[in-house]
Amino acid sequence: RAATEPSASDPESWKPAALVGLGVGLVVLLVVAGKLLWERHRRARLEAFRGRYAFVDLESEDLEGLDLDLRALFGPGSKVAEAQQCELKGLTFILVSLLTPEYRVEEDGTWDDAVQEGMRKTVLVVRGFPGDLPLFRLLPNSWMLRAMRGQGFNAVGDVEPFGFFNYVIGQSRDRIRQVLLGGPDENLRRNRDLIVESRSDMLAFYVQDEQPKDLESFLLRSSAIASSIAQRADAQ
């Protein structure tokens, strides 16, 4: 018996396709609505947090310098979306909402956030240290890092349990250990998510995910580490 072809004029023939299309449309709508609700929730929490710690907007000239510093860390496609600062424990803390391109980056690193997707990352930049800091990057340790680079390249690989949970990359090994051990390491003993970037005049803290799960805990923990590093740097 010959199979009958579905007819465009027969409503019964396009019901399954219509239901599939409707289902896909609903999923897309829910995803977009979810993103909007999350962004609204994020901004509300961020505003409340900034109010508690008296963060103020950066001046335009400071914003330009900050943009350059963060592009050096995250690549030329990154850009500062929002930035506020406060003074805490004798240091300057700058809370940054950073946009980084997710795809379609041009050769010169530029991108248009009106047509390209971007990821929003929260970064805490700390300045005002009494002396120059060593250049290093501190990452949560993992089997992949140990397999790819070897534990011997970890500047704190022989310090347990600190070296088991942290992988520190940098050339000035002795100087790195001077500023990290004897205080800052206490707040990083069981580090599973925090990344610390050190340059001569600044520290940058962020987590492996785009956003810290608890913004206040992230700030307090990072500020405690930064204050300890400042004390160690001043003592050398």
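Placed above this text is the structure.
The following refers to the structure shown. Note that the coordinates shown come from a computational prediction; the quantities given were computed from them, not determined experimentally.

Rules and cut-offs
In this numbering scheme, every chain counts its residues from 1 along its sequence in written order. Residues qualify for local features only when their pLDDT is at least 70, as the model is predicted, and side-chain atom pairs are given and counted only at 80 or more; totals for whole chains, interfaces and linings, by contrast, use all residues. Working from all heavy atoms in the structure, the side-chain values ignore hydrogens and water. Grouping buried Ala, Val, Leu, Ile, Met, Phe, Trp, Tyr and Cys residues that are joined through side-chain atoms within 4.5 Å yields what is termed a nonpolar core. Exposed residues in this analysis have more than 50% of their type's maximum accessible area, buried residues have under 20%, and partly exposed residues fall in between, with area computed by a 1.4 Å probe over protein chains only. Segments assigned H or I by DSSP are reported as helices when at least four residues long, segments assigned E as strands when at least two residues long, and all are numbered from the N terminus. By the convention used here, residues are in contact when the closest approach between their heavy atoms is within 4.5 Å. Note on patches: the residues involved have over 30% relative accessible area and no salt bridge, like charges join within 9 Å, and the nonpolar side chains Val, Leu, Ile, Met, Phe, Trp and Tyr join within 5 Å. Only the protein chains shown count as covering a residue, and every accessible area follows the Shrake-Rupley method with a 1.4 Å probe. Here, a salt bridge means any Lys or Arg side-chain nitrogen found within 4 Å of an Asp or Glu carboxyl oxygen. Here Asp and Glu are counted as negative and Lys and Arg as positive; His is not counted, and neither are the chain ends. Every charge is mapped to an atom, namely NZ of Lys, CZ of Arg, CG of Asp or CD of Glu.

### Let's talk about the nonpolar core
Nonpolar side chains in soluble globular proteins generally cluster together in the buried interior. Ranked by internal contacts, the top residues of the largest apolar core, which has 34 residues, are V126, F129, L203 and F205. Where this core is concerned, the elements lending two or more residues are β3 (91-101), β4 (118-127), β5 (136-140), α5 (173-180), β7 (194-199), β8 (202-207) and α6 (215-235). No other element matches α6, which puts 8 residues into this core. L203 has contacts with L124, V125, V126, F129, L133, V196, E197, S198, A226 and I229, leaving out every residue within four places of it along the chain. Grouped together as the second largest cluster of nonpolar side chains are 18 residues, L73, A83, L139 and L145 included.

### Looking at a nonpolar patch on the surface
On the surface, W143, M144 and M148 cluster together into a nonpolar patch covering about 430 Å² of accessible area. Assignment of secondary structure puts M148 in helix α3 (residues 143-149).

### Some points on a negative patch on the surface
Side chains of D57, E59, E61, D62 and E64 sit close together on the surface and give a patch of like negative charge. No other element matches the 3 residues that helix α2 (residues 60-74) contributes to the negative patch. Among the secondary structure elements, E61 is positioned in helix α2. Classification of E61 by relative accessible area gives exposed; the value is 52%.

### Structural notes on the pattern of salt bridges
Per the stated rule, a full pass over the model turns up 8 salt bridges. Among the salt bridges present, the one from R137 reaches E197, with a minimum N-O distance of 2.7 Å. Highlighted residues: R137 in strand β5 and E197 in strand β7, separated in sequence by 60 residues. E197 gets classed as buried once you look at its relative accessible area, which sits at 1%. The partner of R177 in a salt bridge is D158, with the nearest N and O atoms 2.8 Å apart. With R177 in helix α5 and D158 in the loop between α3 and α4 (162-165), this residue pair connects regions lying 19 residues apart in the sequence. For R177, a relative accessible area of 21% corresponds to the partly exposed category. Each member of the salt-bridge network shares a partner with another, and the members are R137, E197 and R199.

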